[in-house]
Amino acid sequence: MPEQDEKPEVKEIKEKLMLKRDMVWDRLDSKEKEGVFLFAEGYKEFLNRAKTERQAVKEIIKFAEEKGFKRIEEPLGKAKKVYRVLHNKAIAMGILGEKPIEKGIRIIASHIDSPRLDLKQNPLYEDVDLALLKTHYYGGIKKYQWVSRPLSLHGKIIKKDGSELDLSLGEKETEPIFTIVDLLPHLAHKVQYEKKLEDAVIGEKLNILAGSIPFPDKDTKDRIKLQVLKYLNDNFGLIEEDFISAELELVPSEKARDIGWDRSLIGSYGQDDRSCAYTGMRAIGDIDNPKEAVLALFLDKEEIGSEGNTGAKSRFLEAVVADLLSFEGVKADDGAVRRTLMNSRAISADVNGALDPDYQDVHEKRNAAKLGFGICITKFTGSRGKSGSSDASAEYVGWLRQVFNRNNIVWQTGELGKVDEGGGGTIAKYLASYGMDIVDCGVALLGMHSPFEVSSKADVYMTYKGYRVFLSEDRG
Ligand code: MN
Ligand code: MN
C-alpha cells in the first residue's frame, strides 16, 4: 500500500518503531549543503597532496602546526596540544583534557597508506630496447586495474653517501608520468581472455615503462638502461645501487575530481583511508578544551596487516600515551599506560564498501552501507564467522549511537559483504588488544581499493561531524 493511503495511526506507529535510514541530503538545510561542498574542496586538495603515507604525514604536520599543536620533542611550556611523528610515516595529534589522562582518552585511529605499486630494490632493466622498472604491489589490488594508466612516482632515496632525496614526479601536467602497457586485444585471446580474471594480469608483469633513448655509444650493451642511469645521475646524483635503499611508490597521477551532474561524489585514488584520515584531522583541529584527552592517530602499513615499525602493531600508541602522561606530570610507568588504554574509547576510522549497484548480490542489503546515508558504523569485520574481527560491544555501540543521535549526525551501519562472501579487517583489533572500547566507523566507498575510489561528499562531511562529536562528547 502506498504510504499516503496509510492510516495516520499506522503511520505514527511505524515512525516510532521501525528502523529508518535517512539520506544526508534530506537532513541538511541549504546552508549546510553549501558546507558539504566547501568541505569537499579541502578534502580533494588533501587527496592531491597526500598520495603516499610520507606526504600525508607532511600535510598533517602542516595542519597541526597551523592549529597550534607543538612537536612533542620541543619545549612545550603551557601547550595543551602536541603532535609526534613516527619515522616520517605515522603521526599522532593529542590534546590534554580537563580530566586526568588515566581516566581514558578519546582516540580516532586511521591509516594513511593505500594500495599501490612499490619499486623492487633492483628495479631497472632493459628489454627489447626499452628501459623498464620491476614492481611489487602493496596491499590488496586488482592487478588489471593498474595497467594502461598514468602513474606518478613518489618516495625517498638514501644515496651512497647517506644523503636523502625526496622524489615526486608525475603530479604536474608538465612532468612525465609512468605506465604499465597492457596487451593489445588482437593478441590477448590465449594469454588473457581464456584465463581467470585474477590470472590475466600477473604481478611479475606489472613492469613500468621508464625510457627508450639509447646511450650514444653504439658498441655498449644495455644502452637504454645506461642512458636512464645517466639521466638519474646528472639530475639527482643517483647510481643504480641507490635503489637498494629507496622506497619508491607508484600511484595514479590523476587528481581528485567531482563525479556526476550534481557534483555530489568524489572520485580519487587513496580514499581508503584518507577520507577518514582527513576527517579525523579536521575533527581534532576543531577541538580546544576537551573534557577527556583526545588523540588522533594516523598509522601506516594497514594495507599489509599493520605490520612494521610504523603500523598499528608498532606500539606507537603506547609511546604517545606515555608522552601525554608525563606531559600531564604523571609517572608514565607501564601500569599507568595500560590503565589509560584500558579506559579509553576509540573509533577505528576506516572505510567500508558501499552497496555496489552492479554487484548487489555480494552484499546483504539489509546490512550494507549505502552512499549518501552518512557516517557508517561497522560493528564487526573479519570473515568466515567474524574471524579476525574485534566485534564492538552492544554497550559501546549503544553509547556511540546516542552520541550521534543527540548531535543530529546522520549515520548508518555497514558490514563487509554477505556472510562467507569474502571479508577483511582493520586496525580495530590491534587497539582492542589493549582492552579499550573500539568500533569501526567511517566513510562508505564504491570501488574501494581501486585506483579511482568513489565517495559521497555528504558522507565525508558527516564523518567529519561524527568524529568531532565523538571527540568532544562527555561520557555520560
Ligand atoms: Mn582501510
Ligand atoms: Mn584498505
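Owing to the predicted nature of the structure, the values given are computational and were not obtained by experimental measurement. (Residues numbered from 1 in each chain as written. Chains lettered and ligands numbered in written order. Predicted model: local features only at pLDDT ≥ 70, side-chain atom pairs only at ≥ 80, totals over all residues. Heavy atoms only, no water.)

**Some remarks on the coordination of the manganese ion (ligand 2)**
- Asp272 (OD), Glu303 (OE), Glu303 (OE) and His449 (NE2) make up the full set of protein donors to the manganese ion (ligand 2), lying at 2.1 to 2.6 Å.
- Here the manganese ion (ligand 2) and the manganese ion (ligand 1) are spaced 3.3 Å apart, and both take Asp272 as a donor. With Asp272 in helix H8 (residues 271-285) and His449 in the loop between strand S19 (444-445) and strand S20 (453-456), this pair connects stretches of sequence that are 177 residues apart.
- Here Asp272 falls in the buried class, since its relative accessible area comes to 3%.
- Judged by relative accessible area, which is 18%, His449 ranks as buried. (Donors = N, O, S within 2.8 Å, 3.2 Å for Na, K, Ca; no water. Helix = DSSP H or I, 4+ residues; strand = E, 2+ residues; numbered from the N terminus. Buried < 20%, exposed > 50% of the residue type's maximum accessible area, 1.4 Å probe, protein only.)

**Considering the nonpolar core**
- Counting residues in hydrophobic clusters, the biggest one holds 63 residues, and the most contacted among them are Met93, Phe298, Leu400 and Phe404.
- Among the elements that take part in this core, helix H13 (residues 457-472) stands out by supplying 9 residues, more than any other.
- Residues in contact with Phe298, not counting those within four places in the same chain, are Ile60, Ala90, Ile91, Met93, Ser110, Ile112, Ala277, Gly280 and Met281. (Core = buried A, V, L, I, M, F, W, Y, C linked by side-chain atoms within 4.5 Å. Contact = heavy atoms within 4.5 Å.)

**Thoughts on the coordination of the manganese ion (ligand 1)**
- Distances from the manganese ion (ligand 1) to its protein donors, namely His111 (NE2), Asp272 (OD), Asp350 (OD) and Asp350 (OD), fall within the range 2.1 to 2.6 Å.
- One chain supplies every donor for the manganese ion (ligand 1), spaced along it as H-x160-D-x77-D.
- Judged by relative accessible area, His111 falls into the buried class, the value being 1%.

**Here's the deal with the sheet that holds strand S3 (residues 90-95)**
- Reading across from one edge, S1-S2-S3-S13-S4-S14-S18-S16-S17 is the order of the 9 strands in this open sheet, with mixed pairing throughout. Edge positions in the sheet fall to strand S1 (70-71) and strand S17 (411-413), since each of these pairs with one other strand and no more.
- As defined by bridge partners, S1 adjoins strand S2 (residues 81-86) across 2 bridges and the pair is classed as parallel. Counterpart to Arg71 in the pairing with S2 is Tyr83.
- Across the sheet, helix H4 (residues 53-66) lies against S1, S2, S3 and strand S13 (293-299), angled at about 20° from S3, the strand it touches most. (Pairing = 2+ DSSP bridges. Axes fitted to C-alpha atoms, helices over the stretch in contact; angles between N-to-C directions.)

**Some thoughts on the environment of Val410**
- Note on placement: Val410 falls in the loop between helix H11 (394-406) and S17.
- C-alpha of Val410 to C-alpha of Ile259: the two residues are 151 residues apart in sequence and 22 Å apart in space.
- Contacts of Val410, omitting those with residues within four sequence positions, involve Asp22, Met23, Val24, Arg27, Phe373, Gly374, Ile375 and Met462.

**Quick look at the domain arrangement of the chain**
- Domain annotation for the chain reports domain 1 (10-114 + 269-472) and domain 2 (116-252).
- The C-alpha-based centres of domain 1 and domain 2 are spaced at 34 Å.
- Taken together, both faces of the contact between domain 1 and domain 2 bury some 1500 Å²; the carbon and sulfur share is 47%.
- Together, Lys51, Arg54 and Pro451 form the three largest contributors to the area buried by domain 1 at its contact with domain 2, with a combined 34%.
- Where domain 1 meets domain 2, there are 9 residue pairs in polar contact (both at pLDDT 80 or more).
- Examining the composition of the side of domain 1 that touches domain 2, we find that 4 residues originate from one element, H4, more than from any other.
- Its residues assigned to classes, the side of domain 1 that touches domain 2 comprises 3 nonpolar, 6 polar and 10 charged. (Domains from an automatic or database assignment. Buried area = accessible area lost by both parts, 1.4 Å probe. Polar contact = N/O pair within 3.5 Å; in protein donor to acceptor, adjacent residues only side chain to side chain. Nonpolar A, V, L, I, M, F, W, Y, C, P; charged D, E, K, R; others polar.)

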